[in-house]
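# Inside the fold
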Amino acid sequence: MSGTSLTLSTQDATWNRDGQDFNARDPRLYESVVLLRVLGYFMDVVFLAILTGLVGLVLWIIGILSLGLLMPLVAVGVAILPIAYHTLTIGAYGATPGMRLLGLEVRNIEDGSSPDYIQAFVMTALFYLSIGVTSWIILIVAFFNPRRRLMHDFFSSLVVVRRPPPEEI
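Residues numbered from 1 in each chain as written. Predicted model: local features only at pLDDT ≥ 70, side-chain atom pairs only at ≥ 80, totals over all residues. Heavy atoms only, no water.

## Focus on the pattern of salt bridges
Keep this limit in mind: The term salt bridge refers to a side-chain nitrogen of Lys or Arg lying within 4 Å of a carboxyl oxygen of Asp or Glu. In DSSP terms, a helix is any run of H or I states spanning at least four residues, a strand is any run of E spanning at least two, and both are numbered starting from the N terminus. When accessible area is computed with a 1.4 Å probe and restricted to protein chains, residues below 20% of their type maximum are described as buried, those above 50% as exposed, and intermediate ones as partly exposed.
Inspection of the entire model under this criterion finds 2 salt bridges. The shortest N-O distance in the salt bridge between Arg37 and Asp153 comes to 2.7 Å. Of the two residues, Arg37 sits in helix 1 (residues 33–65) while Asp153 sits in helix 5 (residues 151–156), which places them 116 residues apart along the sequence. Residues Glu105 and Arg107 are paired through a salt bridge, measuring 3.2 Å at the closest nitrogen-oxygen approach. The class for Glu105 is buried, based on a relative accessible area of 7%. Residue classification places Arg107 among the buried positions, given a relative accessible area of 10%.

Below, the structure written as structure tokens:
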């Protein structure tokens, strides 16, 4: 393949990663992505529960030491923790810890680059908003497109793919 990062339209993109080109339309990148995303999300829920317990405890102690004046921090801190967790891990590492353990990564649909923090925030905020409004029904969208993208993926210009082994990049 040529050395360009983007050769055709978004639908026919060739991504360049680590000096190697690979075809974004390769169906192997999207095999079992829906199941792995679900399992990765459940792993992240466990990680978040542990993190929420620790952060909640620290904020609770701060609230008690302030004689209750800072108790609203407990609610705010626990409420923003999932959004911060997903945004920061996707923005910094290209995947949440649960996704990484299962060999998934989030990529920019246009050039295959890792998402920036704004894209990660948009993806995360739209995920929580859409599941809150539709009671998870919106996630069925993944079964109706070849790249198994969800609505929050489309609106943030991201795609979740399997991490190809180094010899296949």
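Anyway, onward from the coordinates.
## Focus: the packing of aromatic side chains
Keep this limit in mind: Stacked, tilted and edge-to-face are the three classes assigned to paired rings of Phe, Tyr and Trp, where Trp is represented by its six-membered ring and a pair needs centres within 6.5 Å; plane angles under 30 degrees give stacked, over 60 edge-to-face, the rest tilted.
Here the structure, examined in full by the defined rule, presents 5 aromatic pairs. Relative to Phe42, the ring of Tyr41 lies with its centre 6.4 Å away and its plane at 55°, an arrangement referred to as tilted. For Phe42, a relative accessible area of 51% translates into the label exposed. Residues Phe127 and Trp136 carry aromatic rings whose centres are separated by 6.0 Å and whose planes lie at 75° to one another, so their mutual orientation is edge-to-face. Judged by its relative accessible area of 11%, Phe127 falls in the buried class. Classification of Trp136 as partly exposed rests on a relative accessible area of 43%. Put simply, the rings of Tyr41, Phe42, Phe127, Tyr128 and Trp136 touch in pairs and so form one group of aromatic residues.

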